[in-house]
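Inside the fold
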Amino acid sequence: MINLKQLFLCAALALSVFVTGCKSSDSPETIEADAIVYGGTSAAITAAVQLARLGKSVVIVCPEKHLGGMTTGGLGWTDSGNKQVIGGLSREFYQRVYAHYESDSAWKWQSKDQYGNKGQGTAAMDGDKRTMWIFEPHVAEQVYEDFITENNIQVYRNHWLNRQSGVETKDGKIVSFTTLDGKKFKGKMFIDVTYEGDLMAAANVSYHVGREANSVYGEEWNGIQVGVLHHGHHFGDRHISPYVEPGNPESGVLPRISTEDPGQRGDGDKRIQAYCFRMCLTQVPENKIDFEKPEGYDSTQYELLVRVLDDGWRETFNKFDPIPNFKTDVNNHGPFSFDNIGMNYDYPEASYERRKEIIAEHETYQRGLLYFYCTDPRIPKEVQDEMRKWGLAKDEFADNGHWPYQIYVREGRRMIGDFVMTEHEVQGTKPVLRPIGMGSYTMDSHNAQRYITPEGFVQNEGDIGVHPKQPYQIDMGSIMPKESECTNLLVPVAVSSSHIAFGSIRMEPVFMILGQSAGLMASLAMDKSEAVQDLAYSELEPALLKAGQVLTNPKEQ
């Protein structure tokens, strides 16, 4: 039997629950700022820093705990292209990296002289310009955190956009968005810096996923590329059977080979280029963690690798690119490697739960591949002995089992915006009238599928590498939605571009450049209380130049 004291306590508890419930559901916490940056990539930092330096209030809201995207997620071997066109905060980032490695204390596992100064197409350290293009993940992260601290930028980490119903719009503008934990972020301008384009999509801005047909923009290198074998990430003329019993289609197909028709060259499809993790490995015994068997390991997933090695392929370690302190940035290389081909098609538009499954499957595949190299008796001895020398670096990704925080989302959604960048602009055959930055890297797409040829052999498809004739300009309209869709949103990562043009634009230095330009555009639009689409380029251009952005080819200056 309940006495009065117990009844009072029960009533008080019920009232407390009721009040708490009302507070969380009816009165969500609202954070207001001039500009809200959603996402934690490299572009998030430069956008927010530029806004802060212009005196605007800005917050970063991101699902990530660690800032920097792929720049801090293992991609230390920078895809920089022509470094002369990297300006502004992007160049400042690499100058800060240089300053870090000028200190003797930065060289813990090797001396500066031992490093060798090898970079991608040029020296890693440019003493004249005081820039360094190759770096360890934790160094990049510290540089970004210094940017955040110095500019007093508030970062809300582990906050996930409510993609279903969290974006409030009115009169063609985003008013606010709400995260899954109930926080509301309200601003005058919004910048989507996610690889996936989540805020853009939730605001009902037009976008594309997959490869457009060549006919859409009159291109040559878009769409399905059956028969095109660039780089070395294909089977070439190696006659490798895709069947469980070589040569016998009735025996079934090996794992990770599609039985679907690959399609016709130049046609569009919904396939996207493969993802992987850019691993930071080392051979230093004191800093090395041996590869272990991952949960869910299945050795049959790697049967195709055995056949490739049996055929004489020996390029396993060709993309173990050196970064400081006897470490590597490891990328995909060859016909069967770290790219998990064909296993990510639904990622761009998938739910958070499904994305986590895809990421976990990629991690299991990649960890399993390393373990397979180290343990399977069919791996050639010289290859296996070499792989056993390597391990995960103890002093990287310490709170994530020394595994990279960020999967390499080489391509997600791409906005269809005010201006669409295509291979014509990248190749310089069509002019750009309102440049906000420049790119220069190869139009580089990784494989999108692994299929069976009519002759009954396995082949990869989608790996393209076409060099621009010279550095090219990127139009301001490529980071703006159409005016009819949203007037206070900028999208400097999931930019408005064709699949093949994005293959060049998608490099981290360019994302930093476009992030800074987005910050400048957002600030000017707020100053004038106008839509971003109404910004006069005659007013934007001097602001970009003042901020250090490079807008024309140095050869033309």
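Notes on the structure in this doc start here. Just so it is clear, the structure is predicted and the values come from calculations on it, not from any experiment.

1. Here we look at the overall build of the protein
Across its full length, the protein carries 14 helices and 24 strands. Rg of the C-alpha trace for the protein: 25 Å, near the compact-globule value of 24 Å for 557 residues, within the 12% margin. Once the C-alpha set of the protein is aligned to its principal axes, its extents read approximately 85 × 75 × 55 Å. Across the protein, the fraction of contacts at a sequence separation of at least 24, relative to all contacts at a separation of at least 6, is 78%.

2. Remarks on the pairing of strand E7 (residues 173–178)
In the sheet, strand E6 (residues 167–170) pairs with E7 via four bridges, with the strands oriented antiparallel. Paired with glutamate 168 across the strands is serine 176, a residue of E7. Where E7 meets strand E8 (residues 184–192), three bridges bridge the pair, whose relative direction is antiparallel. The residue bridging phenylalanine 177 from the neighbouring strand is phenylalanine 185, located in E8. Turn length for the E7-E8 hairpin, with the two strands adjacent in sequence and antiparallel, is five residues, and the turn residue glycine 182 shows positive phi of about 95°.

3. Quick notes on the sheet that holds strand E15 (residues 327–330)
Judged by pairing direction, the sheet is antiparallel, and its five strands sit side by side in the order E13-E16-E12-E15-E14 without closing on themselves. Of all the strands in the sheet, just strand E13 (288–289) and strand E14 (320–323) have a single pairing partner and so form its edges. Inspection of the sheet shows E14 paired to E15 by four bridges, in the antiparallel sense. If you follow proline 322 over to E15, its bridge partner there is threonine 328.

4. Observations concerning unusual backbone geometry
For arginine 130, which is not a glycine, the phi torsion comes out positive at approximately 55°. A residue is classified by how much of its surface remains accessible, and arginine 130, at 46% relative accessible area, is partly exposed. Positive phi is not limited to glycine here, since histidine 402 has a value of about 65°. By the secondary structure assignment, histidine 402 is in the loop between strand E16 (391–393) and strand E17 (414–415). Residue classification places histidine 402 among the buried residues on the basis of a relative accessible area of 18%.

5. Thoughts on the pattern of salt bridges
Applying the stated rule across the entire model yields 41 salt bridges. Note that lysine 56 and aspartate 527 form a salt bridge whose closest N and O atoms lie 3.0 Å from each other. Of this pair, lysine 56 sits in the loop between helix H2 (42–53) and strand E2 (58–61) while aspartate 527 sits in helix H13 (residues 508–528), and the two are 471 residues apart along the sequence. With a closest N to O distance of 2.9 Å, aspartate 399 and lysine 65 form a salt bridge. Of this pair, aspartate 399 sits in the loop between E16 and E17 while lysine 65 is found in the loop between E2 and helix H3 (88–101), placing the two residues 334 residues apart along the sequence. Its relative accessible area of 46% is what places lysine 65 among the partly exposed residues.

6. Digging into H13
Turn by turn, an α-helix covers 3.6 residues, leaving residues three or four places apart pointing in a common direction. Along its 21 residues, H13 runs 30 Å from first to last C-alpha, staying within 8% of the 30 Å computed at 1.5 Å per residue. Note on H13: the residue one or two positions beyond its end, serine 529, has a positive phi of about 50°.

7. A look at the environment of arginine 367
Among the structural elements, arginine 367 can be located in helix H9 (residues 352–375). Residue classification places arginine 367 among the partly exposed positions, given a relative accessible area of 22%. Along the chain, arginine 367 and proline 242 lie 125 residues apart, while their C-alpha atoms are 23 Å from each other. Once you skip the residues sitting within four places of it in the chain, arginine 367 turns out to touch Glu292, Pro294, Leu392, Gly401 and Trp403.

8. Digging into the packing of aromatic side chains
Evaluated as defined, the whole model comprises 24 aromatic pairs. Consider the rings of tyrosine 297 and tyrosine 371, whose centres lie 5.0 Å apart with planes at 85°: the pair is edge-to-face. One end of the pair, tyrosine 297, is in the loop between E13 and helix H8 (303–310); the other, tyrosine 371, is in helix H9, with 74 residues separating them in the sequence. Put simply, the rings of Tyr297, Tyr302, Phe336, Tyr365, Tyr371 and Phe372 pair up and form one aromatic cluster. Between lysine 83 and the ring centre of tryptophan 133, over which it is positioned, the NZ or CZ distance is 5.6 Å. Lying over the aromatic face of tyrosine 347, arginine 355 brings its terminal NZ or CZ to 5.2 Å of the ring centre.

9. Considering the packing of H2 against H13
Between H2 and H13, the least distance of the axes is 7 Å, while the angle of their chain directions is 35°. For the pair H2 and H13, the crossing hand works out as right-handed. Between H2, through Ser42, Ala43, Thr46, Ala47, Gln50 and Leu51, and H13, the contact on the second element is made entirely by Glu508, Phe511, Met512, Gly515, Gln516, Gly519, Leu520, Ala522, Ser523 and Met526. Tallied by class, the residues present in the contact of H2 with H13 amount to eight nonpolar, seven polar and one charged.

Conventions we followed
Residues numbered from 1 in each chain as written. Predicted model: local features only at pLDDT ≥ 70, side-chain atom pairs only at ≥ 80, totals over all residues. Heavy atoms only, no water. Helix = DSSP H or I, 4+ residues; strand = E, 2+ residues; numbered from the N terminus. Rg over C-alpha atoms; globule rule 2.2 N^0.38 Å. Contact = heavy atoms within 4.5 Å. Pairing = 2+ DSSP bridges. Buried < 20%, exposed > 50% of the residue type's maximum accessible area, 1.4 Å probe, protein only. Salt bridge = Lys/Arg side-chain N within 4 Å of Asp/Glu carboxyl O. Expected span 1.5 Å × (residues − 1). Phe/Tyr/Trp six-rings, centres within 6.5 Å; stacked < 30°, edge-to-face > 60°. Lys NZ or Arg CZ within 6 Å of the ring centre and 35° of its normal. Axes fitted to C-alpha atoms, helices over the stretch in contact; angles between N-to-C directions. Left-handed = near helix turned anticlockwise from the far one by under 90°. Nonpolar A, V, L, I, M, F, W, Y, C, P; charged D, E, K, R; others polar.

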